[in-house]
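# Coordinate inspection notes
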Amino acid sequence: MKNSNLWLATGRNLLISIGIYGALMLLLWGAQVLFDYELLHFSDSAWCVGIPASVIGVAYILSIKDPQNFTGFFAGIVMSALLGVQFLLQNQIDSTFLYFFIFIPFQMMSIYKWSRNKSDGGASFETKFLDTPRFWLTIALFVFITLGDYLLMSLAIQKDGLTENIAIKLLSGLMISSSFLANYWLIYRKNDAWIYWIIYSVAGIGLFILLHNVFSIVLFIFFLFINGSAGVAWIKMTTKENYGWLIGK
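Residues numbered from 1 in each chain as written. Predicted model: local features only at pLDDT ≥ 70, side-chain atom pairs only at ≥ 80, totals over all residues. Heavy atoms only, no water.

### Overview of the pattern of salt bridges
- Following the criterion strictly, the structure yields two salt bridges and no others.
- Its salt-bridge partner being Asp-131, residue Arg-134 comes within 2.6 Å of it at the nearest N-O pair.
- Given the relative accessible area of 45%, Arg-134 is considered partly exposed.
- Here Asp-131 falls in the partly exposed class, since its relative accessible area comes to 25%.
- Notably, a salt bridge pairs Lys-169 with Asp-160, separated by 2.9 Å at the nearest N-O pair.
- Residue Lys-169 is classed as buried on the basis of its relative accessible area of 1%. (Salt bridge = Lys/Arg side-chain N within 4 Å of Asp/Glu carboxyl O. Buried < 20%, exposed > 50% of the residue type's maximum accessible area, 1.4 Å probe, protein only.)

### Examining the nonpolar core
- Counting 62 residues, the largest nonpolar core has Tyr-21, Tyr-60, Ile-64, Phe-180, Leu-186, Trp-194 and Phe-215 as its most contacted members.
- Among the elements of the structure, α1 (3–35), α2 (45–64), α3 (72–89), α4 (93–119), α5 (132–157), α6 (166–187), α7 (192–210) and α8 (214–237) are those that each provide at least two residues to this core.
- Leave out the neighbours within four places in its chain, and Phe-215 touches Met-25, Leu-28, Leu-39, Leu-40, Trp-47 and Ile-51. (Core = buried A, V, L, I, M, F, W, Y, C linked by side-chain atoms within 4.5 Å. Helix = DSSP H or I, 4+ residues; strand = E, 2+ residues; numbered from the N terminus. Contact = heavy atoms within 4.5 Å.)

### Observations regarding the packing of aromatic side chains
- Following the criterion strictly, the structure yields 24 aromatic pairs and no others.
- Ring centres 5.7 Å apart and planes at 65° place the aromatic pair Tyr-60 and Phe-73 in the edge-to-face group. One end of the pair, Tyr-60, is in helix α2; the other, Phe-73, is in helix α3, and 13 residues separate them in sequence.
- Ring centres of Trp-114 and Trp-234 lie 6.1 Å apart, and the angle between their planes is 40°; on these two criteria the pair is classed as tilted. Of this pair, Trp-114 sits in helix α4 while Trp-234 sits in helix α8, placing them 120 residues apart in sequence.
- Under the relative-accessibility criterion, Trp-114 is labelled buried at 0%.
- Put simply, the rings of Tyr-60, Phe-73, Trp-114, Trp-194 and Trp-234 touch in pairs and so form one group of aromatic residues.
- Just above the ring of Tyr-150 sits the side chain of Lys-169; from NZ or CZ to the centre is 5.1 Å.
- When the ring centre of Trp-114 is taken as origin, the NZ or CZ atom of Arg-189, which lies over that ring, is 4.5 Å away. (Phe/Tyr/Trp six-rings, centres within 6.5 Å; stacked < 30°, edge-to-face > 60°. Lys NZ or Arg CZ within 6 Å of the ring centre and 35° of its normal.)

### Observations regarding a nonpolar patch on the surface
- Residues Leu-34, Phe-35, Tyr-37 and Val-214 make up a contiguous nonpolar surface patch of roughly 440 Å² in combined accessible area.
- Position of Leu-34 relative to the elements: it lies in helix α1. (Patch = residues over 30% accessible without salt bridge, like charges linked within 9 Å, V, L, I, M, F, W, Y side chains within 5 Å. Areas by Shrake-Rupley, 256 points an atom, 1.4 Å probe, with all protein chains shown as cover.)

### Some points on α7
- With 19 residues, α7 extends 27 Å from end C-alpha to end C-alpha; this agrees with the ideal 27 Å at 1.5 Å per step.
- Within α7 the residues assigned to the buried category are Asp-192, Ala-193, Trp-194, Tyr-196, Trp-197, Tyr-200, Ser-201, Ala-203, Gly-204, Ile-205, Leu-207 and Phe-208.
- Immediately beyond the C-terminal end of α7, within one or two residues, lies His-212, with a positive phi of roughly 55°. (Expected span 1.5 Å × (residues − 1).)

### Observations regarding the side chain of Thr-146
- Within the fold, Thr-146 resides in helix α5.
- Side-chain polar atoms of Thr-146 contact the side chain of Ser-177, separated by 2.7 Å.
- When sequence neighbours within four positions are dropped, the list of residues in contact with Thr-146 reads Leu-170, Gly-173, Leu-174 and Ser-177. (Polar contact = N/O pair within 3.5 Å; in protein donor to acceptor, adjacent residues only side chain to side chain.)

Okay, structure coming up:
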């Protein structure tokens, strides 16, 4: 597929995302008027930054659902920058650092690797599962990062001790660790990336239930659907010999 067609596909996905979010905002506005319960927080600058971040983020996921479409990662970079600003406004320093100094470089690496494969004549657009050793190493990193973030939040950032707000800090840590691993394994077109995006979505739903943020609950349910459908699409493209840890390789 020509680069121009890839850019057109990403542009179409952005229009689709704008349409979806427009409908969602209209629905939530109607529910807000009907039930007299605030769902839209236009007075909150962080919340407002999160809206274009989410719109562009969905276009990003829809685009890289095609494992040839490296142009989707440009949308991913814009999304990460906006989310970094959002978390900075919310004083979530760990997430701000993650998006600016880890996710954006990861996405740049993905552009380089995916576009290089394309310039080599499409040498390898195969989607694969991790092999067994990398699968278990990734699990160990997932646990390590989650617990490390919990300790960082408890002892250095929020300084509220290890026994306060356990569920909220744990779910936040799960979101950070899963999104870190998802972004990393996308560079190498590993199906496991989508497993971690699904964990990210589920953890986000749980976190915002605890925070009583109805808008974000709806948003992350939508993310769960989008990430799940992208993961299924990649698995369908995967040949049996590339099933990795699933068949013990």
